Amino acid sequence: MLDDAMSKIILTCAVTGSIHTPSMSPYLPWKPADIAEQSVEAARAGATILHLHARDPGNGRPSAAPEHFAQFLPRIARECDAVINISTGGSAIMALEERLRPALRFCPEMCSLNMGSMNFALYPMAEKPRDWLFDWEEPFLRGTDDLVFKNTPRDIAGILTRLGQERGARFEFECYDVGHLYMLRHFADRGLARPPYFIQFVFGVLGGMGPDPETLDHLIMLADKLFGADYLFSVLAAGRHQMPMAARAAERGGHVRVGLEDNLMIARGQLAGSNAEQVRHIREIVEGMGRDVATPAEARAMLGLKGADKLAV
Ligand code: KMH
Ligand code: ZN
């Protein structure tokens, strides 16, 4: 791990994602104005990086259309200084080329990069009885019992080349499994991925690692072996393990990710009223441990980012 690991903590907020659907929470932002407003509010509350997906403004369905990003990105870039990270994962139901369109168009400082193909099973969420607001929601969730989230070595190499080498993006390497760390090492050896590697350990997606603290300890040991001082790690855990696993990451010298993309709640049985509420909560926890949240400028230096002015909005 990087030597100054116990200093500033990079706080990512993933604002809307493509897992949850509008019927699950009235606070999940899916209209462009709400995505913009909650993003800016999260940045003001301390989020260093905003991890962004788009939604169809008519019905909240996950979208990778650049026109949909264009409805909120300029406002976010104008009203806050947070690092903008555009997802290349989009939604697991989308083809790769569709997933890449917004990052290719807007050239953000950071992009997510999913380090392997996997199951991405959301169908248990369809079991809870609810009044569906839109007719796409239930079939979308149920259909994930026969869905592969495709991220082959060719896909990964293409993203590293087109967004990294050609457009200067740096990556949030999303690792859902131990094997994904070895895949990252492979691309480092090929010279396509460059240090410092910002590794996002992803827990709690059905198809990837479960939210076990011992697994995190094991991953840190492994990452130390594979990457030495050339990496930083962050943790996201889907669902109710979000805050405890993030706290564990902070304790171990890592960085944290929160946001309604990964978890809709703020406490047991209580929906989070906004992304900012989760940001404030984790901020209090990590500051209580003596870690200060990094400013966007500090994160830019730590991660070697190209600068906010390079965003093409
Ligand atoms: N919601 C995370 C579990 C991406 O955007 O590339 C996965 C994610 C993928 O953030
Ligand atoms: Zn995402």
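Not measured: the values here are computed from a predicted model.

1. A closer look at the overall build of the protein chain
Counting secondary structure elements, the protein chain contains 11 helices and 14 strands. A compact globule built from 313 residues should have a C-alpha radius of gyration of about 20 Å, and the protein chain, at 18 Å, falls within 12% of that. Reported as C-alpha extents along the three principal axes, the dimensions of the protein chain are approximately 50 × 40 × 40 Å. Buried positions account for 58% of the 313 residues belonging to the protein chain. Once local pairs closer than 6 in sequence are excluded, the contacts in the protein chain between residues at least 24 apart make up 75%. Side chains of the protein chain carry 33 positive and 39 negative charges; the gap between the two charge centres is 3 Å.

2. Overview of the site of ligand 1
Surveying the vicinity of ligand 1 reveals 14 residues, the closest of which are His53, Ser87, Ser112, Asn114 and Glu261. A distance of 3.1 Å separates a nitrogen atom of ligand 1 from a polar side-chain atom of Asp262. In isolation ligand 1 exposes 310 Å². Once the protein is present, 97% of that is buried. When its residues are assigned to classes, the shell around ligand 1 shows four nonpolar, six polar and four charged.

3. Considering the coordination of the zinc ion (ligand 2)
Every protein donor of the zinc ion (ligand 2) is listed here as His51 (NE2), His53 (NE2) and Glu261 (OE), and their distances to the metal cover 2.0 to 2.1 Å. The motif formed by the donor residues of the zinc ion (ligand 2), counted along the single chain, is H-x1-H-x207-E. Of the two residues, His53 is situated in the loop between strand 2 (49-52) and strand 3 (54-55) and Glu261 in the loop between strand 12 (255-258) and strand 13 (265-267); the sequence distance between them amounts to 208 residues. Each member of the pair, His53 as well as Glu261, carries the same accessibility label: buried.

4. Some details on the sheet that holds strand 2
Strands in a sheet are paired, the pairing made by backbone hydrogen bonds, and the direction either parallel or antiparallel. The eight strands lie next to each other as 1-2-5-6-9-10-11-12, forming a closed barrel whose pairing is parallel. Across the sheet, the axes of successive neighbouring strands diverge by a mean angle of 25°, strand direction being ignored. With four bridges connecting them, strand 9 (residues 170-175) and strand 10 (residues 197-203) associate as parallel partners. What sits directly across from Glu174, in strand 10, is Gln200.

5. Observations regarding the pattern of salt bridges
This model, assessed by the stated rule, comprises 19 salt bridges. With its nearest N and O atoms 3.3 Å apart, the salt bridge here joins Asp81 to Arg300. Of this pair, Asp81 sits in the loop between helix 3 (73-79) and strand 5 (83-86) while Arg300 is found in helix 11 (residues 296-303), placing the two residues 219 residues apart along the sequence. Judged by relative accessible area, Asp81 falls into the partly exposed class, the value being 43%. Close ionic contact of Glu261 with Arg257 constitutes a salt bridge, the shortest N to O distance being 3.1 Å. By relative accessible area, Glu261 is classed as buried at 7%. Via salt bridges that share partners, Glu172, Glu174, Arg257, Glu261 and Asp262 belong to a single interconnected network.

6. Considering the side chain of Arg170
Topologically, Arg170 is positioned in strand 9. Buried and without a salt bridge, Arg170 has Asp230 as its closest oppositely charged side chain, separated by 9.4 Å. A distance of 2.7 Å separates a polar atom in the side chain of Arg170 from the backbone oxygen of Pro196. Apart from residues no more than four positions distant in its own chain, Arg170 is found in contact with Glu109, Met110, Cys111, Arg194, Pro195, Pro196, Leu303, Gly304 and Leu305.

7. A short note on the environment of Ser18
Within the secondary structure, Ser18 sits in the loop between strand 1 (11-14) and helix 1 (32-45). A relative accessible area of 10% places Ser18 in the buried class. Look past the residues within four positions of Ser18 in its chain and what remains in contact with it is His53, Arg55, Pro62, Gly90, Ser91, Leu122 and Phe140. A polar contact is formed between the side chain of Ser18 and the backbone oxygen of Gly90, at a distance of 2.8 Å.

Conventions used here
- Per chain, residues are indexed from 1 in the order of the written sequence.
- Throughout, the order in which chains and ligands are written sets their labels, letters from A for the former and numbers from 1 for the latter.
- The predicted nature of this model means local features are confined to residues of pLDDT at least 70 and side-chain atom pairs, given and counted, to a pLDDT of 80 or more, with totals for whole chains, interfaces and linings taken over all residues.
- The basis for every side-chain value is the complete set of non-hydrogen atoms in the structure, without hydrogens or water.
- Here a strand is any run of E in DSSP of at least two residues, a helix any run of H or I of at least four, and the numbering for each starts at the N terminus.
- What the globule rule says is 2.2 Å times the number of residues to the power 0.38, and the radius of gyration is computed from C-alpha atoms.
- Categorising residues by exposure relies on relative accessible area from a 1.4 Å probe, with only protein chains included: less than 20% of the type maximum marks a residue as buried, more than 50% marks it as exposed, and the intermediate range marks it as partly exposed.
- The criterion used for residue contact is that any of the two residues' heavy atoms lie within 4.5 Å.
- His residues and chain termini do not enter the charge count, which takes Lys and Arg as positive and Asp and Glu as negative.
- Charge placement uses NZ in Lys and CZ in Arg. For Asp and Glu, CG and CD serve respectively.
- We define proximity as follows: a residue is near a molecule or strand when any one of its heavy atoms falls within 4 Å of that partner.
- Two N or O atoms count as a polar contact when they lie within 3.5 Å, although within protein this holds only if one can serve as hydrogen donor and the other as acceptor, and sequence-adjacent residues are included solely when both atoms are side-chain atoms.
- Note on areas: these come from Shrake-Rupley sampling with a 1.4 Å probe, and a residue is covered only by the protein chains present in the view.
- Side-chain classes follow a simple rule in which Ala, Val, Leu, Ile, Met, Phe, Trp, Tyr, Cys and Pro form the nonpolar group, Asp, Glu, Lys and Arg form the charged group, and the remainder, Gly included, forms the polar group.
- Note: metal donors comprise N, O and S atoms at 2.8 Å or less from the metal (3.2 Å for Na, K and Ca); water molecules are not included, so apparent gaps in a site are possible.
- Only strands joined by at least two bridges in the DSSP assignment are considered to pair.
- Interaxial angles span 0 to 180 degrees and are taken between N-to-C directions of axes, which are lines fitted to C-alpha atoms, for helices over the stretch in contact.
- A pairing counts as a salt bridge when a side-chain nitrogen of Lys or Arg comes within 4 Å of a carboxyl oxygen of Asp or Glu.

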